There are 2 protein chains.
Amino acid sequence: MTMNSTDILVSNGTVLTMDSKDTQLRNGVVAIEKDKIIAVGHMDEFSTWKASRIIDARGGIIMPGLVNAHTHASMTCFRGLADDLPLMTWLNEHIFPAESKLDYNKVYYGALLACAEMILSGTTCFCDMYLFEDAVAGAAKEAKIRAVVGEVLYDFPSPNYGPIEKGFAYTENLIKKWKDDPLITIAVEPHTPYLCAPDLLKRASSLSEDYNLPIVIHVSETEIEVSNSQDQHGLTPIGFLADLQILSPNLLACHCVVLTDEDIALLKRYDVKVAHMPESNMKLASGISPVPKLLKEGVCVGLGTDGSASNNNLDLFLEMDTAAKLHKVNTFDPTVMDANTVLKMCTIEGARALGLGDLTGSLEPGKKADLIIIDTHKPHLTPMYNPASHLVYAVRGNDVTTSIINGEVVMEDRKLMTIDIEKVMKDVNTIAEEIKSNFT
Amino acid sequence: MTMNSTDILVSNGTVLTMDSKDTQLRNGVVAIEKDKIIAVGHMDEFSTWKASRIIDARGGIIMPGLVNAHTHASMTCFRGLADDLPLMTWLNEHIFPAESKLDYNKVYYGALLACAEMILSGTTCFCDMYLFEDAVAGAAKEAKIRAVVGEVLYDFPSPNYGPIEKGFAYTENLIKKWKDDPLITIAVEPHTPYLCAPDLLKRASSLSEDYNLPIVIHVSETEIEVSNSQDQHGLTPIGFLADLQILSPNLLACHCVVLTDEDIALLKRYDVKVAHMPESNMKLASGISPVPKLLKEGVCVGLGTDGSASNNNLDLFLEMDTAAKLHKVNTFDPTVMDANTVLKMCTIEGARALGLGDLTGSLEPGKKADLIIIDTHKPHLTPMYNPASHLVYAVRGNDVTTSIINGEVVMEDRKLMTIDIEKVMKDVNTIAEEIKSNFT
């Protein structure tokens, strides 16, 4: 009889591995050593194991932590500042003026609040685009959450780095500063094809190639963006990026709401990844991305929340629910975007979209230990016929009790272990008071 | 100096009255005597008041309890039993077979679980259509939640009452049994125009007129229903009901997904009320009700969850979020269905839709004391610029801490005072085991 010993055993739950066979294990266990998963199996296979710590899932669900494929974490500072407005009024009269007063500290505290909210709702990895991204990386490191972060690059002066030349220098500094960090990956993040000249876009693409890093861009978010691109370049935004030879497997194309069949063929041909943010696209009345078509073509699609100014929360469980339902009604087909497909978009496919598919997104030996436990012993989760269905259609973020990232327990029984949440809420409330005073 | 005394003061929160002026009071108080609200105002106006009990809202939001305009409470028993299926497969192979085995006790425990879930997510009043509705009324009475309940009537034999003749007798018995109950209102509830012959519909209408009770029907839920009606009667389902002279202010038309302009004109002319269930309509791929048009015409629209087999939870906060966003993207207009409009649909307009607008749905002296407290001191609700915006776009049902119905505290600090929730979950799990065994 072999006796194994390890650091943590997460035991006594239904394990959704999200592996390539969609393996589910009742009465399952995940064994963690240091930062990695070393074994997954049935409880009886682990009867002889010893562990420094046994975490009891109490009959709930054990699954990979969720991956938020696109957000602007620090926009928590603007949550609910301006809603129900035309897009240009919202941007020009509310969001841009508020953003022009940002600094490192505001971005840091806003990001820390977002990290708290994400951990509390089951997210263990997020991809961020914003200003002062060194602050976001710092906040994620403090919160001990996995993150892909990149400074937004565009042709007009940035409140952070000033002219674009310095934006590239800032990005290269981020790459150097964070290159050995176990949790932080730097990405190159040009804002959009319409706010970035071709030179900027090509240079961003080269930089991402040089370091083999993700390149993240907003693209084809609205009809007007696409028709302007047609007018200006005779090409769709995706066609324009293809023309610049920027489409690649490292590219994460965020939104992709308005796509032609040719656009979809291009995304497929170059193995471009897509981030889908249905709630933001709905709230801003942008449109509905043809995700079922993308999935049918085999394009990798992750799910994101976008920033909390256009959502207004960062709860991926609610985003999954909306994604599943929105595409059903949009295609008049109740079988599209079934629960398991949507779950994949928030786990293994989300991880692949960020270039982290080998590290996270499923519970398999050798992967980083990024996992969550969901308490299903609740009125709104009773009875349970099908765990995947519950996760998409009935669970809310606050049903997550415990979160482990990179082998470390960052939340246990809803208590955050890495963040002084009372202080962070106070800090962000102070920032909000300043924002209010600027607007009145 | 006058000294007032009362039973309960709910104090120290932002009060959203949802009255006709949309009055909001910071640092507000609601005074309750027996089952009624007797005063609403600022804290300083109440400095001399005495109360048997003071409930501290701790700076959160105090608002009317939410009204669920249409559900099938006992379908909690089938939550997640069958998802992502074509409508007819879902109904014929899963839901109808499961329903054929229902009895009084199953409906009772399913309804009690639904009442628990609804109270835990801020609902204080619901309108139900199902079988064995005496059990639903009994469960609501035990849970001390306000309810409008009616036995579903159709032309084929019911697992409860058998032939339709007995369905009317059953309904009349319900009316007699519950007529003096402070919480329960009986409604007359023919299923649909396509499962009810004209005689049944006319008789249901007369019965509702005789007792001045709501009449509740599913109507125009899908394209196929409307085209079948056109084929059979040369009329839309709404047109057909108009032809039968059934349209009236007491009629609650549930779904109304597929409407012509003439249908909308008829609903307006006869002051018919509409119940809108966007999540169910999305999940079953039925379509999107033209709610912004209905509201523009002044039609009263309440919001509902539908049953938890097609949602799969009963959380009206999530339903509000979806309603607000869905109509924005559907009309390409981010200003439609603003937060306050959606809040009204779940409070005062929902109450009006059920014929209870004089009793509940707003916080005004003379109304029944049906109110909830929302804890806003949470990461995902920080900062707070606008309470209405938070309620629709960021709050989840579990942010409700306290619920008062008809002057009685039914939940305090998330603890249910009227329901033994462990027992009810166990009972429904037992029912689910039986359902599973029937399907395997």
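Residues numbered from 1 in each chain as written. Chains lettered and ligands numbered in written order. Predicted model: local features only at pLDDT ≥ 70, side-chain atom pairs only at ≥ 80, totals over all residues.

Draft legend 1. Representation of the interface of chain A and chain B. Between chain A and chain B, the contact holds 54 residues from the first and 54 residues from the second. Its residues placed into classes, the side of chain A that touches chain B shows 27 nonpolar, 15 polar and twelve charged. (Contact = placed C-beta atoms within 7 Å. Nonpolar A, V, L, I, M, F, W, Y, C, P; charged D, E, K, R; others polar.)

Draft legend 2. Broad picture of the domain arrangement of chain A. Residue and element names in this part refer to chain A. Partitioning chain A into domains gives domain 1 (5-64 + 367-416) and domain 2 (66-353). Computed over C-alpha atoms only, the centres of domain 1 and domain 2 are separated by 29 Å. Counting from both sides, the interface comprises 23 residues of domain 1 and, opposite them, 25 residues of domain 2. Within the residue set of the side of domain 1 that touches domain 2, elements represented by two or more residues are helix H14 (387-393), strand S16 (400-405) and strand S17 (408-412). With five residues, the top contributor of residues to the side of domain 1 that touches domain 2 is H14. For the side of domain 1 that touches domain 2, the residue count by class is 13 nonpolar, five polar and five charged. (Domains from an automatic or database assignment. Helix = DSSP H or I, 4+ residues; strand = E, 2+ residues; numbered from the N terminus.)

Draft legend 3. Just the relation of the copies chain A and chain B, in detail. For the pair chain A and chain B, the relating rotation is 180 degrees, the translation along its axis is 0.0 Å, and the fit reaches an RMSD of 0.0 Å. Such a combination of rotation and displacement between the chain copies is what one expects of a two-fold axis. A shared binding surface is used by both copies, with 98% of the interface residues of chain A retained as interface residues in chain B. (Least-squares fit on C-alpha atoms with pLDDT ≥ 70 in both.)

Draft legend 4. Up close: helix H2 (residues 104-120) of chain B. Relative to the 24 Å expected for 17 residues at 1.5 Å per residue, H2(B) spans 24 Å between its end C-alpha atoms, a close match to the ideal helical length. Among the 17 residues of H2(B), 15 are classified as buried, and the element is accordingly described as predominantly covered. (Expected span 1.5 Å × (residues − 1). Buried ≥ 20, exposed ≤ 12 C-beta atoms within 10 Å, placed from the backbone.)

Draft legend 5. Highlighting the sheet that holds strand S12 (residues 251-255) of chain B. Residues and elements named next belong to chain B. Spatially, S11-S12-S13-S14 is the arrangement adopted by the four strands of the open sheet, whose pairing is parallel. Of all the strands in the sheet, the pair left with one neighbour each is strand S11 (215-219) and strand S14 (301-303). Going across the sheet, the axis of each strand differs from the next one's by a mean of 25 degrees, ignoring polarity. Here three bridges tie strand S13 (residues 273-276) to S14, and the two strands are oriented parallel to one another. Its bridge partner lying in S14, histidine 276 is registered against leucine 303. (Pairing = 2+ DSSP bridges. Axes fitted to C-alpha atoms, helices over the stretch in contact; angles between N-to-C directions.)

Draft legend 6. Fine view of the sheet that holds strand S14 (residues 301-303) of chain A. Residue and element names in this part refer to chain A. In space, the four strands of this open sheet follow the order S11-S12-S13-S14, with parallel pairing throughout. The strands lining the two open edges of the sheet, one partner per strand, are strand S11 (215-219) and S14. Averaged over all neighbouring strand pairs, the angle between strand axes comes to 30 degrees, with direction disregarded.

Draft legend 7. Geometry of the environment of A:Pro198. Relative to the elements of secondary structure, A:Pro198 occurs in helix H5 (residues 198-211). On a C-alpha basis, the gap between A:Pro198 and A:Thr6 in space is 52 Å, while along the polypeptide they are 192 residues apart.

Draft legend 8. A look at the pairing of strand S7 (residues 123-130) of chain B. Residue and element names in this part refer to chain B. Within S7, eight of the eight residues are buried, which leaves it mostly tucked inside the rest of the structure. Two elements, strand S6 (residues 66-71) and S7, share four bridges in a ladder whose sense is parallel. Counterpart to asparagine 68 in the pairing with S7 is phenylalanine 126. When S7 meets strand S8 (residues 146-153), the two strands line up parallel, connected through six bridges. If you follow cysteine 127 over to S8, its bridge partner there is valine 148. After leaving S7, the chain enters helix H3 (residues 133-143) and then returns to the sheet as S8, a path that is right-handed. (Right-handed = clockwise from strand over helix to strand, strands pointing away.)

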